[in-house]
Amino acid sequence: MERGGEVDEESNPLGGSRAAAGLGVPATPFYAWPTVDGQLGLESEDKAVEYARRFFFWGFFCLPWLWAVNCFYFWPALRGWPATSTPFPRLRPYIVRSALGFLVFTVLLASWALTFAIGGEQVFGPAWNNLVMYNVARKLDLTLWN
């Protein structure tokens, strides 16, 4: 709302300009940053693509948590939908693939952990004693209470 030549903050849409709010003030150019830390982050799109590519490929080498870091760090590039509307078309495929990889990893890890935690001996039967780690000390006679 305009009062005495002033414009209050509520009249501007989030991330919008005064021209978008219908106030007749020319829009200032909007620059989208590829990282969550904005202008403090990577200085060029080429460098951002290189970092995203490295995080994505290193995630396959038993470091899938890098996929989560990749999604978090490049969240502004990930949240743009559809892919044609994002200002970072070279960066987005690595981020989306990292998100899918982390989702698959999380589902597999959670199902494995729940199978062992909930199922236990009922699921695995007599083989359960060979699978669990707390029996290793007893098998090797490393406990003091036996």
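Each residue is numbered by its place in its chain's sequence as written, counting from 1. Given that the model is predicted, a residue must reach a pLDDT of at least 70 before its local features are reported, and side-chain atom pairs must reach 80 or more before they are shown or counted; all residues, however, enter totals for whole chains, interfaces and linings. Only hydrogens and water are set aside when side-chain values are computed; all heavy atoms of the structure are taken into account.

Stated formally: UniProt positions are given in the numbering used here, feature names are shortened, and annotations may be inferred rather than shown by experiment.
If you check an unreviewed UniProt entry, the protein appears there as Gamma-secretase subunit PEN-2 from Colocasia esculenta. UniProt's Sequence similarities (unreviewed entry) comment on the protein is quoted here verbatim: "Belongs to the PEN-2 family." Taken directly from UniProt, the Subcellular location (unreviewed entry) text for the protein runs: "Membrane".

## Details of the packing of aromatic side chains
The line we're drawing: Side-chain rings of Phe, Tyr and Trp (the six-membered ring for Trp) are treated as a pair once their centres are within 6.5 Å; stacked means planes under 30 degrees apart, edge-to-face means over 60, and tilted covers the remaining angles. Residue exposure (1.4 Å probe, protein chains only): buried if accessible area is under 20% of the type maximum, exposed if over 50%, otherwise partly exposed. We count a stretch as a helix when DSSP gives it H or I for four or more residues in a row; a strand needs E for two or more, and each element gets its number in order from the N terminus.
Under the counting rule described, the total for this entry stands at 12 aromatic pairs. Measuring from centroid to centroid gives 5.2 Å for Phe56 and Phe60, while their planes differ by 80°, and the two rings are edge-to-face. On the accessibility criterion, Phe56 (8% relative accessible area) is buried. Seen from their ring centres, Phe57 and Tyr94 are 6.5 Å apart, and the 70° between their planes marks the pair as edge-to-face. Here Phe57 is found in helix α1 (residues 45-58), whereas its partner Tyr94 is found in helix α4 (residues 92-119), with 37 residues between them in sequence. The class for Tyr94 is buried, based on a relative accessible area of 17%. Among the aromatic side chains, those forming a connected cluster through ring pairs are Phe56, Phe57, Phe60, Trp67 and Tyr94.

## Details of the packing of α1 against helix α2 (residues 65-73)
For clarity, the cut-off: Here an angle of 0 to 180 degrees is reported between the N-to-C directions of two axes, which are lines fitted to C-alpha atoms, with helices fitted over the stretch in contact. Under this scheme an angle from 65 to 115 degrees is roughly perpendicular, one under 35 degrees roughly parallel, and one over 145 degrees roughly antiparallel; angles in between are oblique. Left-handed is the label given to a crossing in which the near helix is rotated counterclockwise from the far helix by less than a right angle, and right-handed is the label when the rotation is clockwise. The contact criterion used throughout is that any non-hydrogen atoms of two residues lie within 4.5 Å.
In contact at an axis separation of 7 Å, α1 and α2 are set at 155° when each is read in the N-to-C sense. By the angle between their axes, α1 is roughly antiparallel relative to α2. Crossing hand, α1 versus α2: left-handed. Where α1 approaches α2, its residues Ala52, Phe55, Phe56 and Trp58 are matched on the opposing element by Leu66, Trp67, Val69 and Asn70.

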